Amino acid sequence: MKVAIVTGSSRGIGRGIADLLVENGYRVIYSGARPERPADLPAAADYLPCDIARAEQRQALIDHAINAYGRLDVLVNNAGVAPIERRDLLEMTEESFDRVIGINLKGTLFMCQAAAKAMLASRKQAADCQPRIVNIGSMSAYTSSISRGEYCVSKAGVGMVTKLFAHRLAAEGIPVFEVRPGIIDTDMTKVVHEKYQKMIEGDLLPVPRFGKPEDVAKMVLACCSGLLDYSAGQVLDADGGFALRRL
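Note that the coordinates shown come from a computational prediction; the quantities given were computed from them, not determined experimentally.

### Quick notes on the overall build of the protein
Secondary structure summary: the protein contains six helices and seven strands in total. Going from the N terminus to the C terminus, the protein shows its helices and strands as β-α-β-β-α-β-α-β-α-β-α-α-β. Taken over the C-alpha trace, the protein has a radius of gyration of 17 Å; the compact-globule value for 247 residues is 18 Å, and the two agree within 12%. Taken over the C-alpha atoms alone, the protein extends approximately 55 × 40 × 35 Å along its principal axes.

What follows is the structure, encoded as structure tokens:
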């Protein structure tokens, strides 16, 4: 049985990823920053709260996988936050910047570090363990949005975190990937849903619709499948073709 941790999986993209991994035979540890267990989570599902900005909670999540199941095969770093309030770049606060960077970038980096150590140990205990790490980035890694600059900076950083760990772990047999969602229909985009809908109708995307959590989840599953392992460090755009340069 392969064991996966999906951070930020109480809802939205993370929930879609975790549910699809369960459907494909993984034992998934669901996780979210809120202490309460999601009411719609199946009774048999394993849930552990984790604020990835806090070192002790990150380690507790990794330790739970090892102590409960004796191995860790997959880490999906999905947990992330948007600014509490969208503000023009000239009005962005240090408090907001520190919060977003602390979760989205610092939390992701050190989750990778802790998981990599546990994965290397897991392979010594389970011969069939073939670990993989998938970071959930964003089209905001390369797309300027001046009303949420701290988010863009954090996701650009996640891109480098992916490269660094892909470089460090490739020879160890642990491929690291990044999936970059585009405009996905989740709680995070509700506040700008009408704006994005008009942009999509105005030919923003070659695939003219909002993305869905399952669109991202399928790419994560592909990364976990082993079929992409020779492309360590690969970035997959789950963005309806937004990254295309078009005339």
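Picking up where we left off.
### Observations regarding the layout of surface pockets
The volume enclosed by the second largest pocket comes to roughly 170 Å³. Take the lining of the second largest pocket: its biggest share by element is three residues, from helix α3 (residues 94-125). Classifying every residue of the lining of the second largest pocket gives two nonpolar, three polar and five charged.

### Description of the nonpolar core
Residues Ile 5, Ile 62, Leu 72, Leu 75, Ile 133 and Leu 169 are the most contacted members of the largest nonpolar core, which totals 28 residues. Elements that contribute at least two residues to this core include exactly β1 (3-6), α2 (55-69), α3 and α4 (149-170). At nine residues, α3 tops the list of elements feeding residues into this core. Once you skip the residues sitting within four places of it in the chain, Leu 169 turns out to touch Ala 116, Ile 133, Ile 174 and Val 176. By size, the runner-up hydrophobic cluster in this structure holds 27 residues, among which are Tyr 26, Val 28, Ile 184 and Leu 236.

### Notes on the pairing of strand β6 (residues 176-181)
Buried residues dominate β6, accounting for six of its six residues. A two-sided burial pattern is seen for β6, the buried positions comprising Val 176, Glu 178 and Arg 180 on one face and Phe 177, Val 179 and Pro 181 on the other. Of the pairings in the sheet, the one linking strand β5 (residues 132-136) to β6 comprises four bridges and is parallel in character. Within the sheet, the bridge partner assigned to Ile 133 lies in β6 and is Val 176. In terms of handedness, the path from β5 via α4 over to β6 forms a crossover that is right-handed. By the bridge criterion, four bridges tie β6 to strand β7 (residues 235-238) in an arrangement that is parallel. Bridge pairing in β7 links Val 179 to Leu 236.

### So, the packing of helix α1 (residues 12-23) against helix α6 (residues 213-224)
Two numbers describe how α1 lies on α6: the axes approach to 8 Å, and their chain directions differ by 50°. As summarised for this structure, α1 and α6 are arranged oblique, according to the angle between their axes. Our pair here, α1 against α6, has a crossing hand that is right-handed. Residues Gly 12, Ile 13, Gly 16, Ile 17, Leu 20 and Leu 21 of α1 pack against Pro 213, Val 216, Ala 217, Lys 218, Val 220, Leu 221 and Cys 224 of α6.

Procedures and definitions
What you see as residue numbers is a count from 1 along each chain, following the sequence as written. Reporting of local features is limited, given that this is a predicted model, to residues whose pLDDT is at least 70; pairs of side-chain atoms are given and counted only at 80 or more, and all residues count toward the totals for whole chains, interfaces and linings. The side-chain quantities take in all heavy atoms of the structure and omit both hydrogens and water. The helix count covers DSSP runs of H or I at least four residues long, the strand count covers runs of E at least two residues long, and both are numbered beginning at the N terminus. Taken over C-alpha atoms, the radius of gyration is set against a globule rule of 2.2 Å times the number of residues to the power 0.38. Think of a 1 Å grid over the protein atoms and nothing else: a 1.4 Å probe that fits but is trapped marks a cavity, an open set flanked by protein within 12 Å on at least five of seven lines marks a pocket, and residues with an atom within 4 Å of a point count as lining. Grid points are joined across faces, edges and corners, and a volume is the space filled by probe spheres set on the points. All amino acids are sorted into three groups, where Ala, Val, Leu, Ile, Met, Phe, Trp, Tyr, Cys and Pro are nonpolar, Asp, Glu, Lys and Arg are charged, and the leftover types, Gly among them, are polar. Among the buried residues, those of types Ala, Val, Leu, Ile, Met, Phe, Trp, Tyr and Cys that are joined through side-chain atoms within 4.5 Å form a nonpolar core. Classification of residues uses two cut-offs on accessible area relative to the type maximum, computed with a 1.4 Å probe and protein chains only: under 20% is buried, over 50% is exposed, and between them is partly exposed. Residues count as neighbours in contact if any of their non-hydrogen atoms are within 4.5 Å of one another. Paired strands are those between which DSSP finds at least two bridges. Handedness is read with the strands pointing away from the viewer; a crossover is right-handed when the path from the first strand over the helix to the second is clockwise. Note on method: axes are straight lines fitted to C-alpha atoms, helices fitted across the in-contact stretch only, with angles between N-to-C directions ranging 0 to 180 degrees. With respect to orientation, any angle under 35 degrees is reported as roughly parallel, any angle over 145 as roughly antiparallel, any angle of 65 to 115 as roughly perpendicular, and every other angle as oblique. We call a crossing left-handed when the near helix sits turned anticlockwise from the far one by less than a right angle, and right-handed when that turn is clockwise.

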